[in-house]
Amino acid sequence: MFFRHNKSEKVDIVKNGAVSVVPSKDELIRNLTDEGYTISQFNDIYGLDVTGERVYAENGSSCIDICYKLSKEDALKAFKYYEEKYLSCDYYIIAQNENFVYYISDKAAFRKSGFKSTDNIGNQYIREN
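Fair warning: this is a prediction, and the values are worked out from it, not measured in the lab.

K.L.:
How would you sum up the overall build of the protein chain? Please name residues and give values.
P.N.:
Secondary structure assignment for the protein chain yields four helices and six strands. In the protein chain, buried positions account for 47% of the 129 residues. In the protein chain, once contacts between residues fewer than 6 apart in sequence are set aside, the share between residues at least 24 apart is 57%. Carbon and sulfur atoms provide 46% of the accessible area of the protein chain, an area that totals close to 6800 Å².

K.L.:
Residues and numbers for the packing of aromatic side chains, please.
P.N.:
The geometry of two aromatic rings is summed up by the distance between their centres and the angle between their planes. By the definition in use, this model includes eight aromatic pairs. Consider the rings of Tyr 82 and Tyr 86, whose centres lie 5.6 Å apart with planes at 65°: the pair is edge-to-face. One end of the pair, Tyr 82, and the other, Tyr 86, are both in helix α3 (residues 72-86), four residues apart, so they sit about a helical turn from each other. Of the two residues, Tyr 82 and Tyr 86, neither departs from the other in class, the shared state being buried.

K.L.:
Please set out helix α2 (residues 25-34) residue by residue, giving values where relevant.
P.N.:
Within the span of α2, buried status applies to Leu 28, Ile 29, Asn 31 and Leu 32. Summarising the contacts, the buried residues of α2 are in contact with β1 (38-42), β2 (53-59), β3 (62-68) and α4 (107-113).

Each value, and the rule that gives it
- Residues numbered from 1 in each chain as written.
- Predicted model: local features only at pLDDT ≥ 70, side-chain atom pairs only at ≥ 80, totals over all residues.
- Heavy atoms only, no water.
- Helix = DSSP H or I, 4+ residues; strand = E, 2+ residues; numbered from the N terminus.
- Buried < 20%, exposed > 50% of the residue type's maximum accessible area, 1.4 Å probe, protein only.
- Contact = heavy atoms within 4.5 Å.
- Areas by Shrake-Rupley, 256 points an atom, 1.4 Å probe, with all protein chains shown as cover.
- Phe/Tyr/Trp six-rings, centres within 6.5 Å; stacked < 30°, edge-to-face > 60°.

Now the structure itself:
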């Protein structure tokens, strides 16, 4: 996993699930605000008929678009939308990791946000150029 902070880092995703990998909404917002990102929060997820919370953080061309509190069914719907929206980007992580769906534009945003690993329970695309 090329995004681990160091080679000795361990993430027990089997025991703790995706919450051991994905930062909480408050942690993500705090981390990215401290790094100069502009944060927007939404209760609507691109007009999809799903219930959840969305955070969009941007700093120049670097961004994270993440959904929290989705049911597994709604996460699959949101993931399909993210596939359509973001698959054409040059670099990305697009993932449906249990009840989270996210797009991350670059390694810097990944590290600064508080993600702990690219380990995933669900669907994931990673493109590194």
